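Coordinate inspection notes
What follows is each chain in one-letter form.
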Amino acid sequence: MGVLITVLAVCAVAGFVLLALSLRNVQQYEKGVVFRFGRLLPDIRGPGLRCIRPIGDRMRKVSVQTEVLGIPPQGSITADNVTLTVDAVVYFKVIDPVKALVNVRNYPAAVSQIAQTSLRSVIGRADLDTLLSDRDHINAELKKVMDTPTEEPWGLRIERVEIKDIALPESMMRSMSKQAEAERERRARVIAADGEFQASQRLTDAAAAMADTPGALQLRLLQTVVDVSAEKNSTLVMPFPVEMLRFFEHQSRDGGDESDGRRARPNDRHAALSAEAAIPEPATPVPALVPWVSLPGEGVGGRAEVARERRDNWPTRRDAEEALSC
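Keep in mind that this is a model prediction, so the values were computed, not measured. (Residues numbered from 1 in each chain as written. Predicted model: local features only at pLDDT ≥ 70, side-chain atom pairs only at ≥ 80, totals over all residues. Heavy atoms only, no water.)

Attention now moves to the overall build of the chain. Check the secondary structure of the chain and you find 11 helices and eight strands. A buried classification covers 20% of the 326 residues belonging to the chain. Long-range contacts, defined here as pairs at least 24 residues apart, represent 65% of the contacts in the chain between residues at least 6 apart. Within the structure as shown, the chain displays about 24,200 Å² of accessible surface, and the carbon and sulfur contribution to it stands at 57%. (Helix = DSSP H or I, 4+ residues; strand = E, 2+ residues; numbered from the N terminus. Buried < 20%, exposed > 50% of the residue type's maximum accessible area, 1.4 Å probe, protein only. Contact = heavy atoms within 4.5 Å. Areas by Shrake-Rupley, 256 points an atom, 1.4 Å probe, with all protein chains shown as cover.)

As structure tokens, then:
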């Protein structure tokens, strides 16, 4: 009797052990793949408490959650020969647990290597401007490149690929900052010039309207006087018509034309005086040499009188001025 009880107790313990070895708990986010003596069973076990053979069966659980995999920074050269460092992040999930376990070993590491090589190849085909301004296109192309070797053969789906950061050389960053500053300055100048052009058009229209209505110009003048006098009350502003300035300008031009004819004679006289001054004055006339032989009725006193008469008859400067003026 005691031996029978012992045998039943051993069988019960063995049954409990076998039952514990045959039960597997599969979570909601997992799929169970069963291998019997190394051979894959076609049935994939869903979430819940599942039973397998305790001897010969082995279950592998595969998570079907979306996994996030960071790509280490990769140094690459763009299509326009710019060296930079890019890091990215990959979001993927398992859609076929059998392929993920059978066709590839350690699929997270495989996805990481595929992402690094694909990132370098995509960056090498794009230029710097596209890489900085059109990241959506780069991300879509990178996802397309990674989907080809992973989805069909490995049973993985690349849901999203995002470039996190782009590290540029210091010299390139300075050049880009200068370019951006020059572009901003160009836009500011264009906007300012456009504003000046529009303001000139408005002023032209206002001037045409004021020309058609003279009273509007007077009202505008009075408004300007009010604006100027409002700042400092001690300042007195007297508007001066522009037409009066133009009148004085025409008068000055007409007076200048008439004065040109009147000033002709004094200028001629001045030229005559200058010409006269250029002519050297004759020296004192030397009396003519006469022989010492005196003629009848003529002596020394007679020669002095002849010389004085000749000197008195010599033309003076006044005679020359009168002759030139005639």
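Right, let's get into the nonpolar core. Counting 33 residues, the largest nonpolar core has L84, V90, Y107, V111 and M146 as the members making the most contacts within it. At the level of elements, β6 (67-77), β7 (83-94), α3 (107-125), α4 (128-133), α5 (135-154) and β8 (156-167) are the ones that each hand at least two residues to this core. When residues of this core are assigned to their parent elements, the largest contribution, eight residues, is made by α3. In this structure L84 touches Q74, G75, S76, T78, I123, L128, L131, I166, A167 and L168, once residues within four positions along its chain are discounted. Counting residues in hydrophobic clusters, the runner-up holds five residues, among them V26, L41, I52 and M59. (Core = buried A, V, L, I, M, F, W, Y, C linked by side-chain atoms within 4.5 Å.)

Once that is clear, we can look at the side chain of S118. Along the chain, S118 falls in helix α3. Dropping the residues within four chain positions of it, S118 is found in contact with L142, V145 and M146.

The next point concerns the sheet that holds strand β5 (residues 57-63). The pairing of strands in a sheet comes from backbone hydrogen bonds and takes either a parallel or an antiparallel form. Strand order across the open sheet formed by three strands is β3-β2-β5, with antiparallel pairing between neighbours. Where the open sheet ends on each side, the last strands, each with one partner, are β3 (39-45) and β5. Direction aside, neighbouring strands of the sheet carry axes that sit 25° apart on average. Examined bridge by bridge, strand β2 (residues 30-36) and β5 share seven bridges and lie antiparallel to one another. Note on β5: the bridge partner recorded for E30 is S63. (Pairing = 2+ DSSP bridges. Axes fitted to C-alpha atoms, helices over the stretch in contact; angles between N-to-C directions.)

Read across the sheet, three strands follow the order β6-β7-β8 without closing on themselves; strand pairing throughout is antiparallel. Bordering the open sheet on either side are β6 and β8, each of which pairs with just one other strand. Taken over all neighbouring pairs, the strand axes of this sheet differ in orientation by 25° on average, direction set aside. Pairing of β7 with β8 involves 10 bridges; the strand directions are antiparallel. Its bridge partner lying in β8, A88 is registered against I163. Where α3 meets the sheet, it contacts β6, β7 and β8, and its direction lies at approximately 35° from that of β6. This element, α5, spans β7 and β8 of the sheet and lies at about 145° to β8.

Now for a nonpolar patch on the surface. A surface patch of nonpolar side chains, amounting to about 330 Å² of accessible area, comprises V13, V17, L18 and L21. With respect to the helices and strands, V17 occurs in helix α1 (residues 2-22). (Patch = residues over 30% accessible without salt bridge, like charges linked within 9 Å, V, L, I, M, F, W, Y side chains within 5 Å. Salt bridge = Lys/Arg side-chain N within 4 Å of Asp/Glu carboxyl O.)

All right, on to the pattern of salt bridges then. For the structure on display, the rule yields eight salt bridges. In this structure, R125 and E141 form a salt bridge, with 3.1 Å as the shortest nitrogen-oxygen distance. Here R125, found in helix α3, pairs with E141, found in helix α5; they are 16 residues apart in sequence, far enough to count as distant. The class for E141 is partly exposed, based on a relative accessible area of 24%. For E185, the salt bridge identified is with R189, shortest N-O distance 2.8 Å. Of the two residues, E185 and R189 are both situated in helix α6 (residues 170-212); the distance of four residues between them amounts to about one turn of the helix. Note on E185: relative accessible area 40%, which makes it partly exposed. Look at the salt bridges and you will find they share partners, linking E183, R186 and R187 into a network.

Before going further, it helps to examine the environment of R50. Within the fold, R50 resides in strand β4 (residues 48-51). A sequence separation of 27 residues divides R50 from L23, and the C-alpha atoms of the two residues are 5.7 Å apart. The residues touching R50, leaving out its near neighbours within four places in the chain, are S22, L23, R24, V26, R45 and M59. A polar atom in the side chain of R50 sits 3.4 Å from the backbone oxygen of G46. (Polar contact = N/O pair within 3.5 Å; in protein donor to acceptor, adjacent residues only side chain to side chain.)

Turning to the confidence of the model for the chain, a few remarks are in order. Per-chain confidence: the chain averages 77 in pLDDT, with 73% of residues scoring 70 or above. Helix α9 (residues 264-278) is the least confidently modelled element of the chain, averaging 45 in pLDDT, while β7 averages 91, the highest of any element. Within the model, the stretch residues 263-301 combines pLDDT values under 50 with 15 contacts to residues more than four positions away or in other chains. (pLDDT = per-residue confidence, 0-100.)

Moving on to the packing of α3 against α5. Where α3 contacts α5, the axes come no closer than 9 Å and their chain directions differ by 145°. The handedness of the crossing between α3 and α5 comes out as right-handed. When α3 is examined against α5, the residues A110, V111, I114, A115, S118, L119, V122 and R125 are found in contact with a partner set consisting of I138, E141, L142, V145, M146, P149, T150 and W154. Class assignment of the residues belonging to the contact of α3 with α5 gives a composition of 12 nonpolar, two polar and two charged. (Left-handed = near helix turned anticlockwise from the far one by under 90°. Nonpolar A, V, L, I, M, F, W, Y, C, P; charged D, E, K, R; others polar.)

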